[in-house]
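The residues making up each chain are set out below.
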Amino acid sequence: MLLQAFLVGLAAAIGQSDYLLGTAMVERPIVLGAIVGIFLGDIPTGVIVGFQLELAFMGVWQVGAAVPPNVIVGSVLGTAFAITMGAGPETALTIAMPTAVLAGMFDSLMYSVVTPPMAVWADRGAEKDDPKTIAAAMWTNGILYIIALGLICGVAFYVGNDAVQALIGLRMGLRSQRVFCPRLDLRSLCQSCPPRS
């Protein structure tokens with residue numbers, strides 16, 4: 001269990017490191033689902049769940065100062081719990097959405113508490129015409145964020161689904177969750193589109 005928790009945290013860290021190394025879309029659910037599937041030994045479920053979560057999170061992007069739900073935390077935890085519980089995409093979606101919203105609040109905290117001192121540090125480097133100080137501030141901020149997200153996902157997975165659900169405030173069994181969050185699949189999305197004339 002501890003090894004699995006470490007691997008889940010590593011998957012989140014890989015997703016977050018995408019912002020440091022260039023945006024290669026590693027943070028998207030379809031990629032993270034496959035990575036979690038590889039780490040937990042169930043690649044088909046990881047890819048299926050990742051695909052379903054990609055549909056759900058398709059329009060989630062940060063624009064300006066808005067802080068959207070954290071797709072990385074939602075995707076990693078939703079996929080990991082679905083795999084370990086032997087459940088499907090509907091369970092992953094029920095876990096992913098509230099955890100992503102909760103993690104979005106963590107993003108706001110990081111942006112308002114950790115990033116400003118790093119910006120001041122970088123500004124001091126710019127005043128002294130010292131690119132090494134600027135780079136150090138940027139890398140430190142990014143690495144702190146990667147470590148924090150990895151720890152959040154690893155600890156959340158380790159304490160288990162019940163603790164995560166209690167934190168979120170969802171104290172429902174999986175059967176009742178299916179009533180509130182029906183299965184999301186491509187067929188149902190396509191059926192909801194109007195026919196072409």
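Right, let's walk through the structure included here.

Quick notes on the rules
Residues take numbers from 1 onward in each chain, read along the sequence in its written order. Two thresholds apply to this predicted model, a pLDDT of at least 70 for residue-level local features and 80 or more for giving and counting side-chain atom pairs, whereas whole-chain, interface and lining totals are computed over all residues. Think of the side-chain values as coming from all heavy atoms in the structure, minus any hydrogens and water. Working definition: helices are DSSP H or I runs of at least four residues, strands are E runs of at least two. Numbering for both runs from the N terminus. Exposure categories follow from relative accessible area, calculated using a 1.4 Å probe and restricted to protein chains: below 20% of the type maximum is buried, above 50% is exposed, and the middle band is partly exposed. It only takes one pair of heavy atoms within 4.5 Å for two residues to be counted as in contact. Values of accessible area rely on a 1.4 Å probe in the Shrake-Rupley scheme; residue burial ignores everything except the protein chains shown.

## What to know about the overall build of the protein chain
Phase 1 of the analysis: Scanning the protein chain for helices and strands turns up nine helices and zero strands.
Phase 2 of the analysis: Secondary structure elements in the protein chain, listed N-terminal to C-terminal, are α-α-α-α-α-α-α-α-α.
Phase 3 of the analysis: Put simply, the protein chain has 197 residues, and 44% of those count as buried.
Phase 4 of the analysis: Considering only contacts within the protein chain whose residues lie at least 6 apart along the sequence, 73% involve residues at least 24 apart.
Phase 5 of the analysis: For the protein chain, the computed accessible surface area is about 10700 Å², with 68% contributed by carbon and sulfur atoms.

## Side note on unusual backbone geometry
Phase 1 of the analysis: Unlike most non-glycine residues, M25 shows phi in positive territory, near 65°.
Phase 2 of the analysis: Here M25 shows up in the loop between α1 (2-21) and α2 (29-40).
Phase 3 of the analysis: For M25, a relative accessible area of 33% translates into the label partly exposed.
Phase 4 of the analysis: Despite not being glycine, D129 has its phi angle at roughly 55°, a positive value.
Phase 5 of the analysis: By the element assignment, D129 lies in the loop between α5 (89-127) and α6 (131-159).
Phase 6 of the analysis: Using a relative accessible area of 68% as the deciding quantity, one classes D129 as exposed.

As far as function goes, none of this settles anything; it's purely spatial.
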